[in-house]
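Remarks on the overall topology
The lines below spell out each chain.
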Amino acid sequence: MDIQRILKFLSDIAANNNRPWFQEHKAEYEACKADFEDGVGRLIAEISKFDPEISHLTAKDCCYRFYRDIRFSKDKSPYKRHFGAFICSHGRKALRGGYYIHIQPGQCFVCTGNYWLPTNILTSCRNEIMGNIDGWRHAVENGKFIKLYGYPGKGYWEEDGTISEKGFGISFLRTAPKGFPSDYEFLDYLKMKDYAAWHIVSEEFFEGDGWIKKITDYFKIAKPMMDIINSVIDDYE
């Protein structure tokens, strides 16, 4: 994957986010898109070695559209500023957790888990965590997980507006969720509004072919956490 070429195109579209410019440079977009999809396809093959549930997927099943839906958005820019792919056995729009890769100048990251679960499923996840707290802690409090993703509670943004290097959870409740004890010893896990473990990577991270194995190792470390949450989601999907 020619990461520098992809990043240059994404920088250019960020500065020229309009249809005339895009049409003039559409050949470059198609080349970068094909290159990204090739990388995603090779990543799927590598993940399948430890998670065969996703082995039936193709890159086109996982890559998001580059064209933005602007109908209800104040930002009328017609194109995204990143390439993203969500590798999930139930598809891109599934509630089930999966593996996400995001390439954007200055904001490249990888993530395992899910985002924006409905309240009823979140409640069931919280009950599962309380009922299986030892198994949950084994999944998210081991040395490898903590080193790569940290503890819950921080979120994606630092107080100064910069992006956090790593994190477990993107958004959180301020207090205990309704119906749950506020004095629970492991309350931080119940205050989470999503169960996503993410890690920022550098742009240089994607140079060469070594990134596929590195990202796969990141995903492996977070998979036990995701499996617990998916076991709950599967009852609803």
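Okay, so let's go over this structure. Please read these numbers as outputs of a predicted model, since none were measured by experiment.

**Re the packing of aromatic side chains**
Under the counting rule described, the total for this entry stands at 29 aromatic pairs. Centroid distance tyrosine 99 to phenylalanine 219: 4.9 Å. Interplanar angle 45 degrees. Geometry classified as tilted. Of this pair, tyrosine 99 sits in strand E2 (residues 98-103) while phenylalanine 219 sits in helix H9 (residues 210-233), and the two are 120 residues apart along the sequence. For the pair tyrosine 99 and phenylalanine 219, one class covers both residues: buried. For lysine 214, the ring lying beneath its charged end belongs to phenylalanine 205, and the centroid distance is 5.5 Å.

**Quick word on the sheet that holds E2**
Two orientations exist for strands paired in a sheet by backbone hydrogen bonds: parallel and antiparallel. The strand order across the open sheet built from five strands is E1-E2-E3-E5-E4, with neighbouring strands paired in antiparallel fashion. Strands at the two margins of the open sheet, each flanked by one partner only, are strand E1 (83-87) and strand E4 (166-168). Pairs of neighbouring strands in the sheet enclose a mean axial angle of 10 degrees, with direction left out of account. Relative to E2, E1 runs antiparallel, the two being bridged by five bridges. When the bridges of E2 are listed, phenylalanine 86 appears paired with tyrosine 100.

**A few points about unusual backbone geometry**
At tryptophan 116, a residue that is not glycine, the phi angle is positive and equals roughly 60 degrees. Inspection of the secondary structure puts tryptophan 116 in the loop between strand E3 (109-113) and helix H5 (119-131).

**Structural notes on the environment of asparagine 16**
On the secondary structure map, asparagine 16 appears in the loop between helix H1 (3-15) and helix H2 (19-24). When its relative accessible area of 25% is taken as the criterion, asparagine 16 is described as partly exposed. The spacing of asparagine 16 and serine 77 is 61 residues in sequence and 9.4 Å in space, taken between C-alpha atoms.

**What to know about the nonpolar core**
General note: in soluble globular proteins, nonpolar side chains tend to be found buried as a group. The biggest cluster of nonpolar side chains holds 69 residues, and the ones touching the most others in it are Phe9, Phe36, Ile87, Ile103, Trp136, Phe206 and Met225. With 12 residues, H9 is the largest single contributor of residues to this core. Excluding anything up to four places from it in sequence, tryptophan 136 contacts Ile129, Phe168, Tyr189, Tyr195, Met225, Ile228 and Ile229. Among the nonpolar cores identified, the runner-up in size contains eight residues, and Tyr100, Phe109, Ala196 and Trp198 belong to it.

**Quick look at the pairing of E1**
Residues in a regular strand project their side chains so that they alternate between the two faces of the sheet. Counting buried positions along E1 yields five of five residues, so the element is predominantly enclosed. Covered by surrounding structure in E1 are Phe83, Ala85 and Ile87 together with Gly84 and Phe86, the residues of both alternating faces.

**What to know about the side chain of aspartate 35**
Of note, aspartate 35 is situated in helix H3 (residues 26-47). The buried charged residue aspartate 35 lacks any salt bridge, with arginine 42 as its nearest oppositely charged partner at 5.8 Å. Once residues lying within four places of it in the same chain are set aside, the contact partners of aspartate 35 are Met1, Asp2 and Ile6.

**Notes on the pattern of salt bridges**
All told, the structure shown has 15 salt bridges when counted by the stated rule. Notably, a salt bridge pairs arginine 42 with aspartate 209, separated by 3.3 Å at the nearest N-O pair. With arginine 42 in helix H3 and aspartate 209 in the loop between strand E5 (196-200) and H9, this residue pair connects regions lying 167 residues apart in the sequence. Overall, arginine 42 belongs to the partly exposed group, its relative accessible area being 28%. Via salt bridges that share partners, Lys33, Glu37 and Lys60 belong to a single interconnected network.

Conventions we followed
- Residues numbered from 1 in each chain as written.
- Predicted model: local features only at pLDDT ≥ 70, side-chain atom pairs only at ≥ 80, totals over all residues.
- Heavy atoms only, no water.
- Phe/Tyr/Trp six-rings, centres within 6.5 Å; stacked < 30°, edge-to-face > 60°.
- Helix = DSSP H or I, 4+ residues; strand = E, 2+ residues; numbered from the N terminus.
- Buried < 20%, exposed > 50% of the residue type's maximum accessible area, 1.4 Å probe, protein only.
- Lys NZ or Arg CZ within 6 Å of the ring centre and 35° of its normal.
- Pairing = 2+ DSSP bridges.
- Axes fitted to C-alpha atoms, helices over the stretch in contact; angles between N-to-C directions.
- Core = buried A, V, L, I, M, F, W, Y, C linked by side-chain atoms within 4.5 Å.
- Contact = heavy atoms within 4.5 Å.
- Lys, Arg positive; Asp, Glu negative; His and termini not counted.
- Salt bridge = Lys/Arg side-chain N within 4 Å of Asp/Glu carboxyl O.

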